[in-house]
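Geometric and topological summary
Here is how the chains run, residue by residue.
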Amino acid sequence: MNGKKQPIYPVEPWSVTETSFDTGCNYRNETAFSLSNGYIGTRGTFEEGYDFPENTGLEGNYINGFYESAEIRYGEWNFGFPERSQSLLNLPNLKTTRIFLGGEAFDMRKGVIRDYRRTLDMRSGILTRSLIWESPGGKRARVETQRFVSLAVKHIMVQRVFVTPLNFDGEVRILSVLDADVENHTRAANPLVDYGPFGRTLVPDEISAENDTLFYAGHTANSGMKTACGCFHKLTGAKIAESYETDGLSCRVEYVFQGAATMEKFIVYASSLDSSEDGLSGFARGVLEKAANDGYDALSEEQKARVRSFWETADVEIDGDDAIQQGLRFNLFHLMQSANRDGNAGMGAKGLSGEGYEGHYFWDTEIYVLPVFTHTFPDITKSLLDYRFNTLDAARLRARELGHGKGALYPWRTINGFECSAYLPLGTAQYHINADIAYAFSQYVKVAGDTDYLKEKAAEVLCETARVWADVGCFSEARGGKYCICSVTGPDEYTALVDNNFYTNLMAYGNLWDAADAVRWLEKNDGDAFRALTEKIELSPDEPKQWEKIASEMYLPFDEKEQVYLQDDGFLLRKPWDDSLIPPEKRRLLYENYHPLFIWRQRMAKQADTVLAMLLHSEYFDRETIERHYDYYGKVTLHHSSLSKCVFGIIASLIGKREEAYRCFNESARMDIDDYHGNFYAGIHTANMAGSWLSVVYGFAGLNTGGGKLKLSPFLPEAWRGYRFRLSFGGRRFEISVKKSGCFVRQLSGEPLDITIYGKIYRLDGEGDFIKCANTE
Ligand code: BGC
């Protein structure tokens, strides 16, 4: 686990290439080659539409926010347990394009394949495949495919297929299929889930094949959502016939050519999430028609331009390690793809790349992913925060269910804004998500300097989340009158339902202060906004004072002997953990092999917990304190979650343990591309992907924006000649470049600003101005 893995794909700075077709690696490669634009997601399956067994592949096509629900069956039910599940629903597949050379179907499992390459070009955002196939009957043809999910038109995906006969004259047939007989692979992707959805739950309302178009409209059996999808074909070649066929769950069009053929397929997906239900089919047909009129070339040029502009803003260039370069870009590319941009949906822990975690949104987005966007594309952060704002009413209802008379409690797992985690100890008990979301709102406002957003949305979220903290605990005599919070689960999922989790209490502290500060700021700077907020949420003048009192009296468990903050009250009471007592094959799968009580009674942690709190609130701790906690928790943290190593790595950078920092970073940068956790088939790990960016920018470059100031203290990892990235802060943009000869900061846009480098203040006077510090520390 700690050793460096051999790269799975050839090391290339801008692409990921599969050089041979191997069904054994297919499931994983489908995730690596998944494409998305934050609205549509499609797995990297083949155009031929293979019927691979369930553990070898998953044809998956999704719309962010589009889910099916089922009744959650509990052995024993309690009040407030979520009653209905939410699972990102697998939608009709429109990618299938079968090719026939005369009577023989193109099938990579048969015949001979030569010159095979499948490449995700991260510079263009286009996935291509090319090969020469010789059929069992001896016919040879070149097959080339191209595919992208449009970043410019969110409902559109495009595919192009070229077939060139090499040793025969005669018919080439292309069959394009719309297949609505689809279902989720719940058992394979989420083996612990028992409520489904099982079987097909999308009910067809309309299905048709005519005029070069295949079209489907349907609704979910249970969640009340509607979708419409379809495709339109454009053909080049000597077409000699075409025919259409429709049955209840699929429809097809077949084109017959004399010789070489090209098919362009424009695919649309739309849903009742973003179009009125009545007009949905018309809306989808309209978008499809426009895309087809614009044409493949125009759409692909637009795609390239979008991706280019993404890299111009967000690329991190590494001089000196191509494998790291590739891993980082792979991570950033998938993050860029996964982010919803319309405020109607959030971002799944696995993006839209697979069905792992049922497509649910967790705290991964707010604590790991949003800092990346806040510093590169603040508008993306804003859309993802909008989704949380838009689901505030659901969080208010949830707070009432949990017995809180006021305020809002965000769900641990959700798609539609309501809690759907069926396992209380590792679900709703993770109250920290409330403070995590508040933290993200607050960070965005501070870093982007967006006080309008504070007035319009952030202040309300801060106050409503703070109200739950003000109600959930009490000033306890048993802890010297300090404010205590009991029966919660912190980030570490190997302990549950603990008292005074340090992370939770510290994040609640931040939430309470931020809420009180927001109210005071509004009162001072914008009387109308202040009145509107206090009326809307019936805020009494005493509440902010009470929040401040609670925050100042917040209890943080501390052990005098060890001189460390304890992860929770019971941390030292638990049995010391001995990994050697666990057989190696069971070590990373504790919940699959041991009773939860056995796990919770051990003094160890699945993932960064206390040290993460210290990183997020580093302003309260000196370097020596952070180092002590890094050493202490480093010994008991198993890193069984992908959210862990990167946090330890960033802290290692901050306390000068550069080799350890680099080791953690190396694993974080290549975690998915090299499948370190062995579960990449179920989807990408967005939090860690973001963690690799944070490791460079917060870790190596030492970015700190505490107190509303931009501070850097960069170092250069020994293995590198240099690195360079761009950063947004306070409506301004900067380029930071760190080399052996020093650190350079160039202002790319915006008003003048003072920035601090290695503790010294420098003035940047606007666009084009730059600073050069001769030595890195
Ligand atoms: C981690 C959580 C995380 C979830 C989704 C779990 O394994 O323990 O912290 O939110 O995965 O990524």
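Residues numbered from 1 in each chain as written. Predicted model: local features only at pLDDT ≥ 70, side-chain atom pairs only at ≥ 80, totals over all residues. Heavy atoms only, no water.

1. Observations concerning the pattern of salt bridges
Worth spelling out the cut-off: Any carboxyl oxygen of Asp or Glu that lies within 4 Å of a side-chain nitrogen of Lys or Arg is treated as forming a salt bridge with it. Helix numbering and strand numbering both begin at the N terminus, where a helix is a DSSP run of H or I of at least 4 residues and a strand a DSSP run of E of at least 2. Relative accessibility decides the category of a residue: with a 1.4 Å probe and only protein chains considered, values under 20% of the type maximum give buried, values over 50% give exposed, and everything between is partly exposed.
For the structure on display, the rule yields 57 salt bridges. Note that Asp386 and Lys457 form a salt bridge whose closest N and O atoms lie 3.2 Å from each other. With Asp386 in helix α6 (residues 378-390) and Lys457 in helix α9 (residues 451-472), this pair connects stretches of sequence that are 71 residues apart. Among the residues examined, Asp386 registers a relative accessible area of 16% and is labelled buried. Among the charged side chains, a salt-bridge network with shared partners connects Asp393, Arg396, Lys406, Glu460, Glu464, Arg467, Lys536 and Glu543.

2. Focus on the site of the ligand
Let me state the cut-off plainly: Residue proximity to a molecule or strand is established when one non-hydrogen atom of the residue lies within 4 Å of it. In protein, a polar contact means a hydrogen-donor-capable atom and an acceptor-capable atom, both N or O and within 3.5 Å, with residues adjacent in sequence counting only if both atoms are side-chain atoms; elsewhere, any N or O pair within 3.5 Å suffices. The accessible surface values rely on the Shrake-Rupley method and a 1.4 Å probe; as for residues, cover is taken only from the protein chains in view. All amino acids are sorted into three groups, where Ala, Val, Leu, Ile, Met, Phe, Trp, Tyr, Cys and Pro are nonpolar, Asp, Glu, Lys and Arg are charged, and the leftover types, Gly among them, are polar.
Close to the ligand lie Ala349, Tyr357, Phe362, Trp363, Asp364, Trp412, Glu493, Lys606, Gln607, Ser641 and Leu643. A distance of 2.9 Å is found between an oxygen atom of the ligand and a side-chain nitrogen or oxygen belonging to Tyr357. Here Glu493 contributes a side-chain N or O atom positioned 3.1 Å from an oxygen atom of the ligand. Expressed as a share of its isolated accessible area of 310 Å², the protein-covered part of the ligand is 92%. Taken together, the residues of the shell around the ligand break down into 6 nonpolar, 2 polar and 3 charged.

3. What to know about the sheet that holds strand β2 (residues 35-36)
This is how it is decided: Pairs of strands are assigned from DSSP output, requiring at least two bridges between the strands.
With antiparallel pairing, the 3 strands of this open sheet are ordered in space as β2-β3-β4. Of all strands in the sheet, those with a lone pairing partner are β2 and β4 (61-63), marking the two edges.

4. Some words on the side chain of Asn501
For the record, the criterion: Only heavy atoms matter for contacts: two residues are in contact if any of them lie within 4.5 Å across the pair.
Positionally, Asn501 belongs in the loop between β20 (482-484) and α10 (502-525). Residue contacts for Asn501: discarding those within four places in its chain leaves Val488, Gly490, Pro491, Gln567, Asp568 and Asp609.

5. Observations concerning the sheet that holds strand β28 (residues 742-749)
The condition that has to hold: The axes used here are C-alpha line fits, helices contributing only the stretch in contact, and every angle between their N-to-C directions lies in the interval 0 to 180 degrees.
On the basis of which strands lie adjacent, the open sheet formed by 5 strands has the order β18-β26-β27-β28-β31 and antiparallel pairing. Of all the strands in the sheet, the pair left with one neighbour each is β18 (316-319) and β31 (770-773). In this sheet, neighbouring strand axes are inclined to one another by 15° on average, regardless of whether the strands run parallel or antiparallel. One ladder, built from 7 bridges, connects strand β27 (residues 732-739) with β28; its direction is antiparallel. Across the sheet, Arg733 pairs through a bridge with Ser749, a residue of β28.

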